[in-house]
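Observations on the three-dimensional arrangement
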Amino acid sequence: MNDTNTTQTRLREMPSIDELLRSTTCTVLLDAYGRELVTAVMRDIVAELRAQILAARDSPMPEFGDVVGRAAEKLAAMMAPALKPVFNLTGTVLHTNLGRAPLPAEAIAAMTAVASSASNLEFDLGNGKRGDRDTLVESWICRLTGAEAATVVNNNAAAVLLLLNSLAMRKEVPVSRGELVEIGGAFRIPEVMARAGSKLVEVGTTNRTHARDFEAALSTRTALLMKVHTSNYVVEGFVASVSDQQLAGIAHQHGIAYVVDAGSGSLVDLSQFGLPREQTVAETLSAGADLVTFSGDKLLGGPQCGIIVGRRDLIRKIKKNPMKRALRVDKITLAALTAVLQLYADPTRLAERLPTLRLLTRSEDDIRSVAERLLDPVSKALQGDATVSVTDCRSQIGSGAMPVDLLPSAALALCIVGSRGKALERLAARFRALPVPVIGRIADGMLLLDLRCLENEAGFIEQLSFLSSAGEAP
Ligand SMILES: *Cc1c(COP(=O)(O)O)cnc(C)c1O
């Protein structure tokens, strides 16, 4: 039992903030973080201790311990970047929650160059007058897609929203019931339509939609016809959909536009790299689409952005919408996007220079040899906490690109003998607690580390020594 005297004595014994700040060990902290933040953190710790002393009735008095040491830890954690690199060993190459496409060195260099200085973002260096940020990248987009014009916004969701709001506000847009997609929770076609101020007219059925369904849906209020790429699912069996050519034909006969939300939007035929075939943006345009929207950070392998390509008059209308200003991209995105598009100029070297494509086309043998090289170091680091073996697995492209096409890959499979669920979760947490967090996936009672996306093997091995203590649950 602590009596009032003990409590008072203990409170008196507490080091003052001044004493703490004057201690020699604290000078390093003051140099690194400045007096204001260090003082605030010290105050927090001292207040915590005070509360603990006052609360210590039957329990032993708390030790003051190394207050400066605690402050150092707290400050280091506060000042570490909150957004940081991780090892994506989930087997999903374009993982939305892990930031999608890794960028090529060329894009990093371009971003760095414009980030630290003024640039000609909206300045025409030819005539010295105000310019348009889209022109910086438009010619490359047009060259690679065959489009007349292009504009770039924050992401593909923004592209669809802006397109509909610009061309179909208070008007009707027929879409097949088979294409009313939801992408990762927040992007759902019916809701985007509503927010854009357009009226969705559902056409056909879930599995079958015919040209006559669209024709029957046309009215004087119809603004345009729209097709949405069913990115993240497939409907199989008794199915029918209307082709781009047919939809474009119907739209043009009625003097309205035909637009396509292509989702991933591939710029090149991926079958030349041994990947599943996906209709390219250029092909969609040649099939008659007046506008196509797609993401910059999906199969394209660039920074987060949304690209709208197509007819010049429609792009002009879209760019006049005040919403464009709210959805536009910054100079860093434009720098990265241009650098990535320039890599497409030479398709023969694309698979080695563009990280997304390099990872997607990585051979199973190559991935397996990574797994074999890591088997020993990972086993050793785990010190018998789990058994480790090399196993075949399947990676997926991710971000709703070709959901049923899986790529043969190899993984380290970590098993905990005689234990289930919780222990495996704890093991996964230890990997996530590493300096560069390692994100795997739990499947079939194993923690799988799919090595398709591991390129920095040395960096991975180097931090394995932290595994023994990292994230260890009490
Ligand atoms: C991914 C996707 C979107 C959303 O694109 P973001 O770039 O993530 O905003 C919209 N439509 C389709 C069909 C998609 O596949």
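Description of the structure in this document. (Residues numbered from 1 in each chain as written. Predicted model: local features only at pLDDT ≥ 70, side-chain atom pairs only at ≥ 80, totals over all residues. Heavy atoms only, no water.)

**Topic: the overall build of the chain**
Stated formally: Here a strand is any run of E in DSSP of at least two residues, a helix any run of H or I of at least four, and the numbering for each starts at the N terminus. Accessible area is worked out with a 1.4 Å probe on protein chains only. A residue is then buried under 20% of its type maximum, exposed over 50%, and partly exposed in between. Only heavy atoms enter the contact rule, under which two residues are in contact if any of them lie within 4.5 Å. Here the Shrake-Rupley method, with its probe set to 1.4 Å, supplies the accessible areas, and only the displayed protein chains count as covering residues. Charge counting follows a simple rule: Lys and Arg are positive, Asp and Glu are negative, and His as well as the terminal groups are ignored. In this description, the location of a charge corresponds to atom NZ of lysine, CZ of arginine, CG of aspartate or CD of glutamate.
Helix and strand counts for the chain stand at 20 helices and 15 strands. Along the longest, intermediate and shortest principal axes, the C-alpha atoms of the chain span 90 × 55 × 45 Å. Residue burial in the chain is summarised as follows: out of 474 residues, 48% are buried. Within the chain, residue pairs in contact and separated by at least 24 positions form 74% of the contacts whose partners lie at least 6 positions apart. Total accessible area on the chain is roughly 23100 Å²; 52% of this is exposed by carbon and sulfur atoms. Seen as two clouds, the 52 positive and the 53 negative side-chain charges of the chain have centres 6 Å apart.

**What to know about the packing of aromatic side chains**
Definition in use: Ring pairs shown here join Phe, Tyr and Trp side chains whose ring centres sit within 6.5 Å, with only the six-membered ring taken for Trp; geometry is labelled stacked below 30 degrees between planes, edge-to-face above 60, and tilted in between. Whether a charge sits over a ring comes down to the Lys NZ or Arg CZ being within 6 Å of the ring centre and within 35 degrees of the ring normal.
Throughout the structure, instances matching the rule amount to one aromatic pair. When the ring of Phe 87 is compared with that of Phe 460, the centres are 5.6 Å apart and the planes differ by 80°; the resulting orientation is edge-to-face. One end of the pair, Phe 87, is in strand E1 (residues 87-88); the other, Phe 460, is in helix H20 (residues 457-462), and 373 residues separate them in sequence. For the pair shown, Phe 87 and Phe 460 are each scored as buried. Residue placement shows Arg 143 over the ring face of Trp 140; its charged tip is 5.4 Å from the ring centre. A cation sits over an aromatic face here: Arg 208 above Phe 238, 3.8 Å from the ring centre.

**Here's the deal with the packing of helix H4 (residues 35-55) against helix H5 (residues 67-79)**
Let me state the cut-off plainly: Note on geometry: axes are lines fitted to C-alpha atoms, helical ones only across the stretch in contact, with angles between N-to-C directions running from 0 to 180 degrees. Should an angle lie under 35 degrees it is considered roughly parallel, over 145 roughly antiparallel, and from 65 to 115 roughly perpendicular; all remaining angles are considered oblique. Working rule for handedness: look at the near helix, and if it is turned counterclockwise from the far one by less than a right angle, call the crossing left-handed; if clockwise, right-handed. Under this grouping Gly is polar, as are all residues other than the nonpolar Ala, Val, Leu, Ile, Met, Phe, Trp, Tyr, Cys and Pro and the charged Asp, Glu, Lys and Arg.
At a minimum axis distance of 10 Å, the contact between H4 and H5 shows a crossing angle of 125°. In this view, H4 runs oblique relative to H5, as classed from their interaxial angle. In the packing of H4 onto H5, the handedness of the crossing is right-handed. Contact with H4, carried on its side by Leu 37, Val 38, Val 41, Met 42, Asp 44, Ile 45, Glu 48 and Leu 49, involves Val 67, Val 68, Arg 70, Ala 71, Lys 74, Leu 75, Met 78 and Met 79 of H5 and no other residues of that element. Taken together, the residues that form the contact of H4 with H5 break down as twelve nonpolar, no polar and four charged.

**Quick word on the side chain of Asp 297**
Defined as follows: Pairs of N or O atoms within 3.5 Å make up the polar contacts considered here, provided that, within protein, one atom can donate a hydrogen while the other can accept it, and that residues adjacent in sequence are counted only when both atoms are side-chain atoms.
As for its position among the elements, Asp 297 is in the loop between strand E9 (291-295) and strand E10 (306-310). Its relative accessible area of 6% is what places Asp 297 among the buried residues. In terms of polar contacts, Asp 297 uses its side chain to reach the side chain of Arg 100, at 3.0 Å.

**Regarding the site of the ligand**
The following threshold applies: Each residue is tested against the molecule or strand, and it is near if at least one of its non-hydrogen atoms lies within 4 Å.
Surveying the vicinity of the ligand reveals the residues Arg 100, Asn 155, Asn 156, Ala 157, Ile 183, Phe 187, His 229, Ser 231, Asp 261, Gly 263, Ser 295 and Lys 298. The side chain of Asp 261 places a nitrogen or oxygen atom 2.6 Å from a nitrogen atom of the ligand. Tallied by class, the residues present in the shell around the ligand amount to three nonpolar, six polar and three charged.

**Focus on the sheet that holds strand E2 (residues 149-153)**
Each strand in a sheet pairs with its neighbour through backbone hydrogen bonds, running either in the same direction (parallel) or in the opposite one (antiparallel). Stated formally: Strands were regarded as paired on the criterion that DSSP finds at least two bridges between them.
Strands sit in the order E2-E10-E9-E8-E7 across an open sheet of five strands; the sheet is mixed. The open sheet has two edge strands, E2 and strand E7 (224-228), and neither has a second partner. Ignoring strand direction, the axes of neighbouring strands in this sheet form an average angle of 15°. Relative to E9, strand E8 (residues 257-261) runs parallel, the two being bridged by three bridges. Paired with Val 260 across the two strands is Val 292, which belongs to E9. Across the face of the sheet, helix H11 (residues 244-253) comes into contact with E7 and E8 while running at roughly 145° to E8.

**Some thoughts on the side chain of Thr 222**
Its place among the elements puts Thr 222 in the loop between helix H10 (211-217) and E7. Separated by 2.7 Å, the side chain of Thr 222 and the backbone nitrogen of Ser 219 make a polar contact. Not counting the four nearest positions on each side in its chain, Thr 222 is found in contact with Glu 172, Pro 174, Ala 217 and Ile 256.

**Brief notes about the packing of helix H1 (residues 4-13) against H4**
Remark: H1 packs on H4, axes separated minimally by 9 Å, with the N-to-C direction vectors making an angle of 170°. Comparing their axes, H4 and H1 come out roughly antiparallel. Handedness of the crossing formed by H1 with H4: right-handed. Contact residues: Thr 7, Arg 10 and Leu 11 in H1; Arg 50, Ile 53 and Leu 54 in H4. Considered class by class, the residues forming the contact of H1 with H4 number three nonpolar, one polar and two charged.

**Quick look at the nonpolar core**
Stated precisely, the cut-off is as follows: Take the buried residues of types Ala, Val, Leu, Ile, Met, Phe, Trp, Tyr and Cys, join any two whose side-chain atoms come within 4.5 Å, and each joined set is a nonpolar core. Residue ranges labeled as domains rest on an automatic or database domain assignment.
If you look at the biggest cluster of nonpolar residues, it comprises 60 residues, and the most contacted ones within it are Leu 225, Val 292, Phe 294, Leu 300, Val 309 and Tyr 344. In terms of residue count, the dominant contributor to this core is helix H15 (residues 331-343) (seven residues). There are two domains that each give this core at least three residues, and those are domain 2 (87-95 + 359-469) and domain 3 (105-350). Ignoring anything within four residues of it in the chain, the contact list for Val 292 reads Val 260, Ala 262, Val 281, Thr 284, Leu 285, Ile 307, Ile 308 and Val 309. Ranked by size, the runner-up nonpolar core spans 32 residues in total, among them Val 160, Val 192, Met 226 and Val 259.

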